[in-house]
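Geometric and topological summary
Letter by letter, the chains look like this.
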Amino acid sequence: MADRRTFNVVILGLGFLFIFTAFTTCGNVEQTVVKSLQNNTFTGSGYHSLGIIYGVFSFANLLAPTVVAVIGPKCTMFLSGLLYSGYIAVFIIPSTWSFYLTSVLIGIGAAMLWTAQGHFLVENSEASTINRNTAVFWALLQCSMLFGNLYIYFDWNGKTEISDGSRKNIFLSLLVTSVLGTLSFLVLRKSHNAEELLSEEEGQSLLSTRMMYKHRANSAVQDAKLEFKTMLQLLKTKTILLLSPCMAYSGLELSFYSGVYGTCIGATAQFGEAAKGLIGISGIVVGIGEIVGGGLFGLLCKNNRFRRTSVVFLGMVVHFVAIYLIFLNIPDDAPVVFYTSTQSKPYLAPSVSIALLCSFLLGLGDSCFNTQLYSILGCVYAEQSAPAFAIFKFIQSVFAAVAFFYSGYLLLKWQLLLMVILGFTGTLCFFVVERVQNLSANLQEY
């Protein structure tokens with residue numbers, strides 16, 4: 001039985017590794033690809049597409065638990081994987097309407113996929129194995145930032161323009177990778193608990209399949225209503241209100257490192273023929289920063305209040321150093337230029353080493369904030385963890401969507417300034433919550 005569950009967890013991680021190798025690489029380069037299209041009829045924007053994805057994702061999360069409860073996590077993940085593959089396929093023969101339609105669909109698919117993933121991981125874990133299984137899954141997932149971006153580096157290095165042939169080859173490879181990840185979900189086996197539940201449902205009465213699904217749907221809708229009410233109640237609590245700026249900041253910096261910064265590097269004229277290839281290397285280095293930070297702070301410092309504030313403070317400092325270096329190293333018009341490379345000159349002569357150092361610091365700082373937000377929510381809302389995490393993902397996704405929409409219009413300095421203001425505010429509010437929790441714990445001891 002343990003072998004079956006371990007098999008499921010590994011296959012789940014591999015499926016996500018393949019799918020997100022395709023999607024993460026796509027998100028990192030899509031604005032650069034859109035700018036290079038030799039197609040006068042295409043008017044889409046990579047920033048707007050990513051904004052739509054995160055915007056739809058934030059609201060689709062409210063409905064996702066109901067869908068997963070009715071059709072099951074395995075089927076949900078397979079269908080969601082097909083939506084991810086459809087989005088990748090659009091870049092092979094791009095058109096504006098299909099580009100934005102699949103952006104909406106993948107936003108829905110993402111909500112279903114992540115809800116089903118959480119459900120399936122818990123279903124295949126016990127109290128003694130949940131930490132190990134979560135670590136295995138996240139280790140495989142984080143590797144998704146490495147392989148696709150490495151391919152981008154080797155294919156784009158030395159190129160100033162992305163040809164149609166190069167674009168098609170890249171996205172055909174990413175499509176195959178995504179389809180492999182989607183098909184791997186079909187190999188997943190039913191856990192022992194799921195089999196018992198199924199036989200119980202079959203044995204209770206000779207209900208038709210239609211009646212069984214109707215019963216599941218009614219039960220799921222009731223659960224969804226209850227969870228939604230709980231979310232509304234939690235939104236009014238001081239803890240969630242105080243943590244909201246920190247959650248919002250995690251959304252801004254998510255959009256910056258996952259879609260904007262790579263585009264800025266690729267548009268920097270001073271990097272010459274190396275600029276496009278550096279987008280891939282930047283994505284890899286961000287991934288290394290995420291892996292290092294997740295390993296150090298997620299595993300070594302969990303459930304330690306003092307260290308939680310220390311890690312968040314470190315995350316703020318790391319990000320502010322990165323933001324200052326980016327301000328000095330990258331041209332101000334890098335996010336907004338479309339058909340040409342940058343025209344303005346930064347304060348320093350652009351350095352590849354500094355640019356990649358900033359990529360590492362962005363990934364490291366992101367892991368600091370995310371691991372500690374998960375930690376404090378799990379600590380404060382141990383009995384209401386699902387609604388609390390849903391609120392976190394909702395706020396994070398909304399602000400990521402907003403950031404992607406303004407990224408194509410605001411100069412780099414204003415985007416960085418917004419991140420500094422919200423990052424500083426979010427860190428202060430996190431400290432206040434931690435202080436309140438410490439005082440409450442001390443009072444309970446007396």
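In short, a report on the structure. Bear in mind the structure is a predicted one, so any value in this text is a computation, not a measurement.

Details of the packing of helix H3 (residues 64–71) against helix H4 (residues 73–90)
One can describe the packing of H3 onto H4 by two numbers: an axis separation of 7 Å at closest approach and a directional angle of 120°. Between H3 and H4, the angle is such that the two are oblique. Packed against H3, whose contacting residues are Val67, Val68 and Ile71, the element H4 presents Pro73, Cys75, Thr76 and Leu79 at the interface. Considering only residue class, the contact of H3 with H4 consists of six nonpolar, one polar and no charged.

Side note on the nonpolar core
Ranked by internal contacts, the top residues of the largest apolar core, which has 105 residues, are Phe16, Met77, Phe171, Phe256, Tyr261 and Ile326. Top contributing element to this core by residue count: helix H11 (residues 238–267), with 14 residues. Those residues in contact with Ile326, other than ones at most four positions away along the chain, are Phe256, Tyr261, Cys358, Leu362, Leu412 and Leu416.

With respect to the side chain of Asn124
Relative to the elements of secondary structure, Asn124 occurs in the loop between helix H5 (96–123) and helix H6 (130–142). Here Asn124 falls in the buried class, since its relative accessible area comes to 1%. Side chain to side chain, Asn124 and Asn8 meet in a polar contact 2.8 Å long.

Some points on the environment of His319
Among the secondary structure elements, His319 is positioned in helix H13 (residues 305–329). Measuring from C-alpha to C-alpha, the distance between His319 and Glu253 comes to 9.0 Å, with 66 residues separating the pair along the chain. Every residue in contact with His319, bar those within four places of it in the chain, is listed here: Tyr249, Glu253, Leu361, Leu362, Gly365, Asp366 and Phe369.

A short note on the pattern of salt bridges
Considering all chains together, one arrives at three salt bridges under this definition. In this structure, the salt-bridge partner of Arg167 is Asp164, at a minimum N-O distance of 2.8 Å. Here Arg167 pairs with Asp164, and both are found in helix H8 (residues 164–184), just three residues apart, close to one helical turn. Asp164 sits in the partly exposed class, given a relative accessible area of 27%. A salt bridge links Lys413 to Asp332, with the nearest nitrogen and oxygen atoms 3.9 Å apart. Highlighted residues: Lys413 in helix H16 (residues 412–445) and Asp332 in the loop between H13 and helix H14 (352–380), separated in sequence by 81 residues.

Remarks on a nonpolar patch on the surface
Residues Phe59, Leu62, Leu63, Phe228, Leu232 and Leu235 make up a contiguous nonpolar surface patch of about 550 Å² in total accessible area. Broken down by element, the nonpolar patch gets its largest block of residues, three residues, from helix H10 (residues 209–235).

Side note on the packing of aromatic side chains
Inspection of the entire model under this criterion finds 24 aromatic pairs. Ring geometry for Phe16 and Phe185: centres 5.9 Å apart, planes at 65°, overall edge-to-face. On the criterion of sequence distance, the pair formed by Phe16 in helix H1 (residues 2–36) and Phe185 in the loop between H8 and helix H9 (192–204) is long-range, its members being 169 residues apart. The class for Phe16 is buried, based on a relative accessible area of 0%. Looking at Phe185, the relative accessible area reads 0%, which means it is buried. Ring geometry for Phe99 against Tyr100: centres 5.4 Å apart, planes inclined by 45°, an arrangement best described as tilted. Lying over the aromatic face of Phe7, Arg189 brings its terminal NZ or CZ to 4.3 Å of the ring centre. The ring of Phe392 has Lys393 lying over it, and the distance from NZ or CZ to the ring centre is 5.8 Å.

Details of H3
For H3, the set of buried residues is Ala64, Thr66, Val68 and Val70. Gly72 sits one or two residues past H3 and shows a positive phi near 90°.

Calculation notes
- Residues numbered from 1 in each chain as written.
- Predicted model: local features only at pLDDT ≥ 70, side-chain atom pairs only at ≥ 80, totals over all residues.
- Heavy atoms only, no water.
- Axes fitted to C-alpha atoms, helices over the stretch in contact; angles between N-to-C directions.
- Helix = DSSP H or I, 4+ residues; strand = E, 2+ residues; numbered from the N terminus.
- Parallel < 35°, antiparallel > 145°, perpendicular 65-115°, else oblique.
- Contact = heavy atoms within 4.5 Å.
- Nonpolar A, V, L, I, M, F, W, Y, C, P; charged D, E, K, R; others polar.
- Core = buried A, V, L, I, M, F, W, Y, C linked by side-chain atoms within 4.5 Å.
- Buried < 20%, exposed > 50% of the residue type's maximum accessible area, 1.4 Å probe, protein only.
- Polar contact = N/O pair within 3.5 Å; in protein donor to acceptor, adjacent residues only side chain to side chain.
- Salt bridge = Lys/Arg side-chain N within 4 Å of Asp/Glu carboxyl O.
- Patch = residues over 30% accessible without salt bridge, like charges linked within 9 Å, V, L, I, M, F, W, Y side chains within 5 Å.
- Areas by Shrake-Rupley, 256 points an atom, 1.4 Å probe, with all protein chains shown as cover.
- Phe/Tyr/Trp six-rings, centres within 6.5 Å; stacked < 30°, edge-to-face > 60°.
- Lys NZ or Arg CZ within 6 Å of the ring centre and 35° of its normal.

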